[in-house]
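# Analysis of the macromolecular model
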Amino acid sequence: MSAAAGPVTRATGAAKRATTPEMTDGRYTSKISGVPSFQAGKITRVEQWLQTTGKTRADFERSWFYSDSPNDLPRMEVVTDPVATNPSDNLRAVATDRN
C-alpha cells in the first residue's frame, strides 16, 4: 500500500473491500481469498463491510458510484447516483440508453 493511499484506505475501510490474495504458509498461491471485488462481487464486499459497521445500503438516502467500465454495471445499478466517468464505448452506450 502506498504512503498516499494508506491513510485513505484505513480511514474509509477501503482495504476491507479490496480483493484479497490467498496465502498459504506465508506465500501467495495465485488464487483469491473470499469474494473477488469484481462485477457483482463489489456489491457483496460493500455489504459485508457495511455489516461490520452495523449498517446496510438502506441506511443511506443517496449513494454514488463512479466507473469507466461496464464491468461495474452491477454496482452502478444499485446506487441512486451512478456516474459514468471517461466511459468505455460499451459503458457510454449503456449510459446513453438509460439516461
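Everything below is about the structure shown above.
Presented here is an overview of the structure given in this document. Worth saying up front: this structure is predicted, and the values here are computed from it rather than measured.

## Points about the environment of E22
Mapped onto the secondary structure, E22 falls in strand β1 (residues 20–24). A C-alpha to C-alpha distance of 4.6 Å links E22 and S33, two positions 11 residues apart in sequence. Among all residues touching E22, those that are not within four sequence positions of it are R27, Y28, T29, K31, I32 and S33. Separated by 2.6 Å, the side chains of E22 and T29 make a polar contact.

## What to know about the pattern of salt bridges
Evaluation of the coordinates by the stated rule reveals four salt bridges. The shortest N-O distance in the salt bridge between K42 and D72 comes to 2.6 Å. A residue pair is termed long-range when its members are at least 10 positions apart, and K42 in helix α2 (residues 41–52) and D72 in the loop between β3 (64–67) and α3 (73–76) qualify at 30 residues. Taken individually, K42 and D72 each receive the classification buried, so the pair is uniform in this respect. In this structure, R98 engages E77 in a salt bridge whose closest nitrogen and oxygen atoms are separated by 2.8 Å. Within this pair, whereas R98 is found in helix α4 (residues 89–98), its partner E77 is found in the loop between α3 and β4 (81–84), the two being separated by 21 residues in sequence. Classification of E77 by relative accessible area gives partly exposed; the value is 47%.

## Some remarks on the layout of surface pockets
Estimated volume of the largest pocket: approximately 370 Å³. Around the largest pocket, the lining comprises 15 residues; the ones closest to its centre are V46, S63, W64, R75 and V79. Elements that contribute at least two residues to the lining of the largest pocket include exactly α2 and β3. If you tally residues by element for the lining of the largest pocket, the top one is α2, at four residues. Residue composition of the lining of the largest pocket, grouped by class: eight nonpolar, two polar and five charged. Reported here for the second largest pocket is a volume of approximately 210 Å³. L73, M76, E77, P82, V83, A84, L91, V94, A95, R98 and N99 together form the lining of the second largest pocket. Counting only elements with at least two residues in the lining of the second largest pocket, the list comes to α3, β4 and α4. At four residues, α4 tops the list of elements feeding residues into the lining of the second largest pocket.

Cut-offs applied
Residues numbered from 1 in each chain as written. Predicted model: local features only at pLDDT ≥ 70, side-chain atom pairs only at ≥ 80, totals over all residues. Heavy atoms only, no water. Helix = DSSP H or I, 4+ residues; strand = E, 2+ residues; numbered from the N terminus. Contact = heavy atoms within 4.5 Å. Polar contact = N/O pair within 3.5 Å; in protein donor to acceptor, adjacent residues only side chain to side chain. Salt bridge = Lys/Arg side-chain N within 4 Å of Asp/Glu carboxyl O. Buried < 20%, exposed > 50% of the residue type's maximum accessible area, 1.4 Å probe, protein only. 1 Å grid on protein atoms, 1.4 Å probe; cavity = no way out; pocket = protein on both sides within 12 Å on 5 of 7 lines; lining within 4 Å. Points joined across faces, edges and corners; volume = space filled by probe spheres on them. Nonpolar A, V, L, I, M, F, W, Y, C, P; charged D, E, K, R; others polar.

Purely geometric numbers; function is a separate question.
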